[in-house]
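Chain by chain, the residues run as shown.
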Amino acid sequence: SQIGRISVFDVFDFPIWFPRIGQIKVERSRRRFRSLVLSNITYRRNTTDTSKSSAEVTGKDLLDMMINARNDDGAALSDKEIEDNLMAFIGAGHETTARALSWTLYILSQCPQWRDRLEAEVDSADLDTLPPDQWLDALPVTRAVLEETMRLYPPVPLIVRQAQEDTEVNGQPADKNTGVIIWSYIMHRHKTLWVDADVFDPTRFLPENRDKIDRFAYLPFGAGPRICVGISFAMQEAVIALATITRKLRFTYTGEQPPIPVMRITLRPDNGMPLRVEPRSPS
């Protein structure tokens, strides 16, 4: 619960070494998690052929690629560099994907017609024999449901940037070093950019309609040189997770009031996401 909370010390620009209450609460867990990551790096280094370049490592995972990566002068990444990259990848990737899935399961519980359509697609696909890296293309409705959910409830609801030079944004001056906030949450619901902007309509993202969406009207992963490095992985991960879950289970929202989105770096429901889980039989 402390992840994503902004400390008053950050607001007043206290040095990073000054202890924050939230950090103190989670420091033991953070140290334990880093220890597990480091032990995996050590184990993999002892079992990986480091004579191969990252491009030659096939059928391996991200950790193998990092261990085999080399810069222009042939130097490898240190354990600390790999550890930091993995911590960022796991932390950011897990949190954002979990938020997207939570909001998706909530919306499906409110839209039985789309829940039924998604379940029918998942049931008809031969997922037991289809390689997971092909699920994204084989499940267009499942993907569209996720993407439309991320339009209404983007896991990262704003993007913060700093102007690198004097410029102008829509007629407004932005001097060098000016902070710029791009509210994707607002853009995704803007009535000049979307028809029936507040309506959950996954048909927007079906293959025949995708090209109609303006590139800069939909920014769940950002855009430009700093677009999310894990965009392809995240979409595959989310589709695989959603399809796997909905093959066997059905979710019903049990909260007394609809959840209110709250921004704590990621977009969270204000009072959690109480869902009743029931088994279902494929049709």
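What counts as what
- Residues numbered from 1 in each chain as written.
- Predicted model: local features only at pLDDT ≥ 70, side-chain atom pairs only at ≥ 80, totals over all residues.
- Heavy atoms only, no water.
- Axes fitted to C-alpha atoms, helices over the stretch in contact; angles between N-to-C directions.
- Helix = DSSP H or I, 4+ residues; strand = E, 2+ residues; numbered from the N terminus.
- Parallel < 35°, antiparallel > 145°, perpendicular 65-115°, else oblique.
- Contact = heavy atoms within 4.5 Å.
- Nonpolar A, V, L, I, M, F, W, Y, C, P; charged D, E, K, R; others polar.
- Phe/Tyr/Trp six-rings, centres within 6.5 Å; stacked < 30°, edge-to-face > 60°.
- Buried < 20%, exposed > 50% of the residue type's maximum accessible area, 1.4 Å probe, protein only.
- Lys NZ or Arg CZ within 6 Å of the ring centre and 35° of its normal.
- pLDDT = per-residue confidence, 0-100.

1. Let's talk about the packing of helix α4 (residues 79–110) against helix α7 (residues 140–152)
Then comes step 1: The N-to-C vectors of α4 and α7 enclose an angle of 100 degrees; their axes lie 9 Å apart at closest approach. Considering their axes alone, α4 and α7 lie roughly perpendicular with respect to each other. For the pair α4 and α7, the contacting residues are Ala100, Leu101, Trp103, Thr104, Ile107 and Leu108 in the first and Val145, Leu146, Thr149, Met150 and Leu152 in the second.
Then comes step 2: For the contact of α4 with α7, the class distribution of residues is nine nonpolar, two polar and no charged.

2. Considerations on the packing of aromatic side chains
Then comes step 1: Scanning the entire structure with this criterion turns up six aromatic pairs.
Then comes step 2: Centroid distance Trp103 to Tyr153: 4.1 Å. Interplanar angle 0 degrees. Geometry classified as stacked. Remark: Tyr153 occurs in the loop between α7 and β1 (159–162) and Trp103 occurs in helix α4; sequence separation between them is 50 residues.
Then comes step 3: Using a relative accessible area of 0% as the deciding quantity, one classes Trp103 as buried.
Then comes step 4: Measuring from ring centre to ring centre gives 4.8 Å for Phe205 and Tyr218, while their planes differ by 50 degrees; the resulting arrangement is tilted. Within this pair, whereas Phe205 is found in the loop between α8 (184–187) and α9 (231–248), its partner Tyr218 is found in the loop between α8 and α9, the two being separated by 13 residues in sequence. Across the pair, exposure class does not vary: Phe205 and Tyr218 are buried alike.
Then comes step 5: Following the ring pairs from residue to residue traces out a cluster consisting of Trp103, Tyr106, Tyr153 and Tyr253.
Then comes step 6: The aromatic ring of Phe216 is capped on one face by Arg215, whose charged end is 5.8 Å from the ring centroid.

3. Side note on the confidence of the model for the protein chain
Then comes step 1: This prediction gives the protein chain a mean pLDDT of 87; 86% of its residues lie at or above 70.
Then comes step 2: Put simply, helix α1 (residues 8–11) is where the protein chain has its lowest mean pLDDT, 57, and α7 is where it has its highest, 98.

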